[in-house]
Amino acid sequence: MKVLMTADRVGGVWTYANDLKDGLGADVDLAVMGPGTPFALEWEDDPWDDVDRAGAWLLELEEELQPDLIHLNGFVHGSLPWRAPVVVVAHSDVVSWWHAVHDEEPPPRYDAYRSAVEAGLRAADAVVAPTGAVLDDLRRHYRFSGAGIVVPNGSSFTPASADKEPFVLALGRFWDEAKNLGALERARSASRWPILAVGPGSPRGAVGRTQVRELLARASVFAAPARYEPFGLGILEAARSRCALVLGDTQSLREVWGDAALFAPPDDDAAIAAALRLITHDAELREELAERAHRRSTRYTVERMAAGYTAVYERLLTAVPA
């Protein structure tokens with residue numbers, strides 16, 4: 001099987017795409033857009049000239065590579081005149097993000113984005129998402145037919161080995177209001193333990209993957225009080241590292257983590273601070289939640305993810321006449 005897959009290096013899509021490529025056992029060509037390439041991403045400001053040029057490039061790649069299937073980790077190129085069947089994978093979208101952060105419809109400047117996303121969803125032969133919550137968001141905010149398919153993400157992340165230390169770790173882009181990491185800054189004075197926040201825009205700034213792995217190994221608690229988190233590969237890595245989890249109480253995170261985390265409403269600073277106080281004071285609860293999170297993390301393997309996508313691919317290929 002030959003697959004042409006799009007990817008970008010922003011957030012977890014790059015990690016996801018490379019893990020899936022390695023796990024599929026197929027001939028996968030990655031077509032990379034976004035930072036470091038000539039093509040802006042569809043959710044960036046006024047990207048449409050770049051999006052159109054990227055579309056022409058992708059069709060040229062299809063002509064050159066002759067893939068059996070197109071796997072798009074974005075929406076709008078789903079409406080291109082592809083020859084092969086098309087899988088559109090929903091990792092996140094601007095309209096759902098806006099509703100989660102602002103609790104209202106996005107302004108008119110996003111109308112073109114919404115129309116382009118709808119066109120891509122409608123044209124896709126299959127729409128896949130990592131959680132049912134993501135599919136619910138898509139149905140709520142875009143007009144397209146088809147039930148959609150849930151294939152949970154997986155990760156090849158291998159934790160480091162270290163003794164746990166009494167601090168709370170948070171990772172993420174501080175400029176992204178959906179991550180809600182400002183709530184942890186406001187909880188510092190009420191927290192019994194230090195809160196170490198790392199990522200673009202944080203006081204400490206971004207750190208490399210090796211440092212992240214070491215910090216996860218040492219942290220006893222991992223906090224992600226997100227307003228919007230479609231899956232959360234960083235949370236999965238924390239669970240693999242046996243961190244106890246304090247998470248934003250959202251449909252998607254409840255779906256992924258169930259009873260393996262302590263949840264707090266993302267817009268309730270007092271509740272977030274109370275959850276941190278509870279988990280840092282109660283060693284038995286903390287250890288139990290860390291064990292539950294680790295146990296639950298074993299569900300989300302690259303092998304299961306690849307098997308899920310292989311089933312989707314094979315269903316589409318057998319439905320298309322040779």
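What counts as what
Residues numbered from 1 in each chain as written. Predicted model: local features only at pLDDT ≥ 70, side-chain atom pairs only at ≥ 80, totals over all residues. Heavy atoms only, no water. Pairing = 2+ DSSP bridges. Helix = DSSP H or I, 4+ residues; strand = E, 2+ residues; numbered from the N terminus. Contact = heavy atoms within 4.5 Å. Axes fitted to C-alpha atoms, helices over the stretch in contact; angles between N-to-C directions.

### Here's the deal with the sheet that holds strand β6 (residues 149-150)
Thought 1: Taken together, the six strands give an open sheet; going across it, the order is β2-β1-β3-β4-β5-β6, and neighbouring strands pair in parallel fashion. With one partner strand each, in any of the chains shown, β2 (27-33) and β6 form the two edges of the open sheet.
Thought 2: With three bridges joining them, strand β1 (residues 2-8) and strand β3 (residues 69-72) adopt parallel strand pairing. Along β3, the bridge assignment pairs Met5 with His71.
Thought 3: In this fold helix α2 (residues 48-65) packs onto β1, β2 and β3, with an angle of close to 160° to the strand it touches most, β2.

### Notes on unusual backbone geometry
Outside of glycine, negative phi angles account for most residues, and trans bonds account for most peptide bonds.
Thought 1: Although it is not a glycine, Gln66 adopts a positive phi angle of roughly 55°.
Thought 2: Relative to the helices and strands, Gln66 resides in the loop between α2 and β3.
Thought 3: A positive phi angle, near 55°, is found at Asp103, a position not held by glycine.

### Looking at the sheet that holds strand β9 (residues 219-224)
In a beta sheet, neighbouring strands pair by backbone hydrogen bonds and run either parallel or antiparallel.
Thought 1: In space, the five strands of this open sheet follow the order β8-β7-β9-β10-β11, with parallel pairing throughout. Each edge of the open sheet carries a strand with a single partner, namely β8 (195-198) and β11 (262-264). Averaged over neighbouring strand pairs, the angle between their axes works out to 25° when direction is ignored.
Thought 2: Alignment of β9 against strand β10 (residues 244-248), held across four bridges, turns out to be parallel. Of the residues in β10, the one forming a bridge with Ala223 is Val246.

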